[in-house]
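Okay, here's what each chain looks like letter by letter:
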Amino acid sequence: MDSSPAAPAPALGRPATRREGPDKAAGRALYAAEHAPAGRVYGWPVPATVARGRVTAVDTGDALALPGVLAVLTPSDAPRLGPADDPTLLVLQDAEVPHRGWYVALVVAETLETAREAAAAVRVTYDSEPHDSVLHAGHPAAYTPELANGGYPAHREQGDAAAAFAGAPVRVDCAYAVPPLHNHPMEPHAATALWEPGGDAGPGTLTVYDSSQGSGLVRSTLASLFALPEDGVTVVSEHVGGAFGCKGTPRQHVVLAVMAARHTGRPVTVALPRRHLAAVVGHRAPTLHRVRLGARTDGTLTAMAHEVTTHTSRVREFVEQAAVPARVMYAAPALLTTHRVVPLDVPTPSWMRAPGECPGMYALESAMDELACALGIDPVELRVRNEPGAEPDSGRPFSSRHLVDCLREGATRFGWAAQRTPRREGPLLIGTGVAAATYPVYAGPSSARAHALPDGTYLVQTNATDLGTGARTVLAQIAADALRVPLDRVAVEIGHSSLPQGSVAGGSSGTASWGWAVHDACTSLVGLLERRTGPIPRAGVSVPADTTASAKQKSPYARHAFGAHFAQVQADTVTGEVRVRRLLGVFAAGRILNPVTARSQLVGGMVMGLGMALTEHSTMDPAFGDFTENDLASYHVPAHADVPDIEVHWLDEHDKHLNPMGSKGIGEIGIVGTAAAIGNAFHHATGRRIRELPLTPDRVLAALDA
């Protein structure tokens, strides 16, 4: 009779609540600004008030006269910095002001209140220069860059798209606009820095608590900027209160905190005011789209062209890759995708949840809806008819592609066929819309360590970052399955630069990257333990793993997640208000490792897409070169009253060409098609098409009156 213990139930694929939840609820989970070393003081930055020019003088007298003010750092006396790959980090290094909001001084004081008061007392004099801050499609400074964000070629063409479009029996030629958008995480950017001088023994050591998506990148950047060895820099990002891309690279706040700590000899916290974020931590650049679709009368595409114009700053080039999704989605023998960018006197744009795919798919999926209307074909059926056999741009086979299944499943669950007649309820017009979604699969190089301890428990370590997504929990589940032990016997350590290197938490790649390394370390540990004899020593048994070689191998497959969004909206003909009554998404995103955290991520993305469609926008003031909606009173993110009961479903997708877990990213695909589905539903309800987001009451009433 076999008396061996039964294998534990698999942890992956089962719901597990986030491990850090009790600590967050009890206030034990410390964020960057909450670390309070003895003697801690506060920094408050001073933003430039001109759109372009030079600082000619900084009067610090009134600020330094306030009790408790320790220093005011200016471009003339701030510590000099070493080289940086990102020039936006070279703050207080010269008198140039490249855009409004660029930091021109930093006050350091005993209390936060004093630092803020003193910052208001700093008087800065400028030589202003003419500026240009407004994007328009025919801007004479527009050029075609070599690459867009993500390393994609800015221009790609197969066949003669212009000729194929001109000869198509049915044509759609439309322009769409997405405004500047801002990430606005609940925890603003913050850092607490402790500089310990080394004296004759060396350059000293630096410890930083930073609100960041990757403490390893922050460490290497600070080491370069401040001429320190990397092993002399420790960066901790154990708990992060949201990011959505704007914390994916080091930002000026952490550089300023280290500068101040070095200058004063005291630990310094710099927490950026929310009103500063629009100017210094990146934003989704505005995008102007022209989409041309040519088709036969049966709906099959003969030509597709997606042309994008966007802006970047004069400090650093960043090109939103918004035309790239058109290279993935539909079969068209003639395909043109191109990007043009205009350098302006504006803050540097950066990543925002699903960069490229999010604004690009809004335009493409809106155009597909317009084509369906022109053809008189059901929008779901039109997408099915144009399903490609391989990735259109590269010709590579898909590792898995279940977009048609998502569309079919979503249509069934939504009751699509029964909802296709628009109706009226008093002043309310009711309609439905659909849009597809895609997002690429990434896995960055990462490493991990797995420890077996003598008490029968295990410890897994990797420098992952948990942005509130549940990374700790899912990594513990991956480890438990690989170790073949119950979940409660696995502890996880993340968010510290002394741990094995982990990739940045971005591009929906976290679980795939860190989890791969954790899986390999734990699998190797099991093999080692099976070969061992005798008890585990007091120090435990450890095994490392590094996926760098595997992650850098180019796959012969095109690897993407896919999804379908369905929306029902109501448009009020009296007030112009648009409300979403129902939102449903079905996704094919590989193996779902934890249904609880996965659903939360997908719902969160769809809520963000709802905001993009209805409430979120930012306006560039041409006179001042400034984003006018720079706080949560004017930049309207969705509130509970704006969000219906969102339905999320997924397919049981098995893809052996990804990583050992078979997982795809889920953090961003939820936002990708939401705005287009809502916009398409608005058109279905009203018969009017608004091609500029968001669908605000003024635009709605103007469209209805027209």
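Before reading on, note that the structure itself is shown above.
Report follows, based on the coordinates. (Residues numbered from 1 in each chain as written. Predicted model: local features only at pLDDT ≥ 70, side-chain atom pairs only at ≥ 80, totals over all residues. Heavy atoms only, no water.)

What follows is about the overall build of the protein. A count of helices and strands for the protein gives 17 helices and 28 strands. For the protein, the C-alpha radius of gyration of 26 Å lies close to 27 Å, the compact-globule estimate for 706 residues. Its C-alpha atoms give the protein principal-axis dimensions of roughly 85 × 80 × 50 Å. Put simply, the protein has 706 residues, and 60% of those count as buried. Pairs at least 24 apart in sequence give 81% of the contacts found in the protein among residues at least 6 apart. When the accessible surface of the protein is split by element, carbon and sulfur atoms take 52% of a total near 26400 Å². The averaged location of the 70 negative side-chain charges in the protein is 4 Å from the averaged location of its 60 positive side-chain charges. (Helix = DSSP H or I, 4+ residues; strand = E, 2+ residues; numbered from the N terminus. Rg over C-alpha atoms; globule rule 2.2 N^0.38 Å. Buried < 20%, exposed > 50% of the residue type's maximum accessible area, 1.4 Å probe, protein only. Contact = heavy atoms within 4.5 Å. Areas by Shrake-Rupley, 256 points an atom, 1.4 Å probe, with all protein chains shown as cover. Lys, Arg positive; Asp, Glu negative; His and termini not counted. Charge placed at Lys NZ, Arg CZ, Asp CG, Glu CD.)

On to the sheet that holds strand β2 (residues 53-59). Pairing is antiparallel in the open sheet, where three strands are placed in the order β4-β2-β6. Looking at the sheet topology across the chains shown, the edges are occupied by β4 (96-97) and β6 (123-128). Alignment of β2 against β6, held across six bridges, turns out to be antiparallel. In the sheet register, Arg-54 faces β6, and the bridge partner there is Asp-127. (Pairing = 2+ DSSP bridges.)

Before going further, it helps to spend a moment on the environment of Tyr-557. Inspection of the secondary structure puts Tyr-557 in the loop between α13 (548-551) and β24 (560-572). According to the relative accessible area criterion, Tyr-557 is partly exposed, its value standing at 26%. Considered as a pair, Tyr-557 and Gly-431 are 126 residues apart in the sequence and their alpha carbons are 38 Å apart. Residue contacts for Tyr-557: discarding those within four places in its chain leaves Arg-396, Pro-397, Phe-398, Ser-399 and His-657.

Here four strands make up an open sheet; going across it, the order is β22-β21-β20-β23 and the pairing mixed. A strand with exactly one partner marks an edge of an open sheet, and here the two such strands are β22 (490-493) and β23 (541-546). Neighbour-to-neighbour, the strand axes of this sheet turn through a mean angle of 20 degrees, independent of strand direction. Strand contacts of helix α11 (residues 471-483): β21 (458-461) and β22, with the helix running at about 135 degrees to β22, the strand carrying the most contacts. (Axes fitted to C-alpha atoms, helices over the stretch in contact; angles between N-to-C directions.)

This part is about a nonpolar patch on the surface. Taken together, Met-186, Leu-632 and Val-637 make up a surface patch of nonpolar side chains, about 290 Å² in accessible area. By the element assignment, Met-186 lies in the loop between β10 (170-178) and β11 (190-196). On the basis of relative accessible area, Met-186 is assigned to the exposed category, the value being 68%. (Patch = residues over 30% accessible without salt bridge, like charges linked within 9 Å, V, L, I, M, F, W, Y side chains within 5 Å. Salt bridge = Lys/Arg side-chain N within 4 Å of Asp/Glu carboxyl O.)

Right, let's talk about unusual backbone geometry for a bit. Of note, the amide linkage connecting Leu-693 to Pro-694 takes the cis form, showing an omega dihedral of -5 degrees. Along the chain, Pro-694 falls in the loop between α16 (674-686) and α17 (697-705). A positive phi angle is found at Ala-227, which is not glycine, with a value near 55 degrees. Considering the arrangement of structural elements, one finds Ala-227 in the loop between α5 (215-225) and β13 (233-236). Look at Ala-227 and you get exposed, because its relative accessible area is 63%. Its identity is not glycine, yet Ala-354 carries a phi of approximately 65 degrees, on the positive side. Relative to the assigned elements, Ala-354 resides in the loop between β17 (334-344) and α8 (357-375). Exposure remark for Ala-354: the relative accessible area of 0% places this residue in the buried category.

All right, on to the nonpolar core then. Leu-293, Leu-301, Met-304, Leu-371, Phe-566 and Ile-678 are the most contacted members of the largest nonpolar core, which has 92 residues in total. Ranked by residues supplied to this core, first place goes to α8 with 10 residues. Once residues lying within four places of it in the same chain are set aside, the contact partners of Ile-678 are Ala-567, Val-569, Val-580, Leu-583, Leu-610, Ala-613 and Leu-614. In this structure, Val-208, Val-254, Val-270 and Leu-272 belong to the second largest nonpolar core, which totals 39 residues. (Core = buried A, V, L, I, M, F, W, Y, C linked by side-chain atoms within 4.5 Å.)

Our next topic: the layout of surface pockets. Estimated volume of the second largest pocket: approximately 590 Å³. Considering the residues around the second largest pocket, the lining is formed by 26 residues, among which Asp-85, Asp-86, Thr-249, Arg-316 and Trp-351 are closest to the centre. Elements with a contribution of two residues or more to the lining of the second largest pocket: β7 (147-148) and α5. No other element matches α5, which puts four residues into the lining of the second largest pocket. (1 Å grid on protein atoms, 1.4 Å probe; cavity = no way out; pocket = protein on both sides within 12 Å on 5 of 7 lines; lining within 4 Å. Points joined across faces, edges and corners; volume = space filled by probe spheres on them.)

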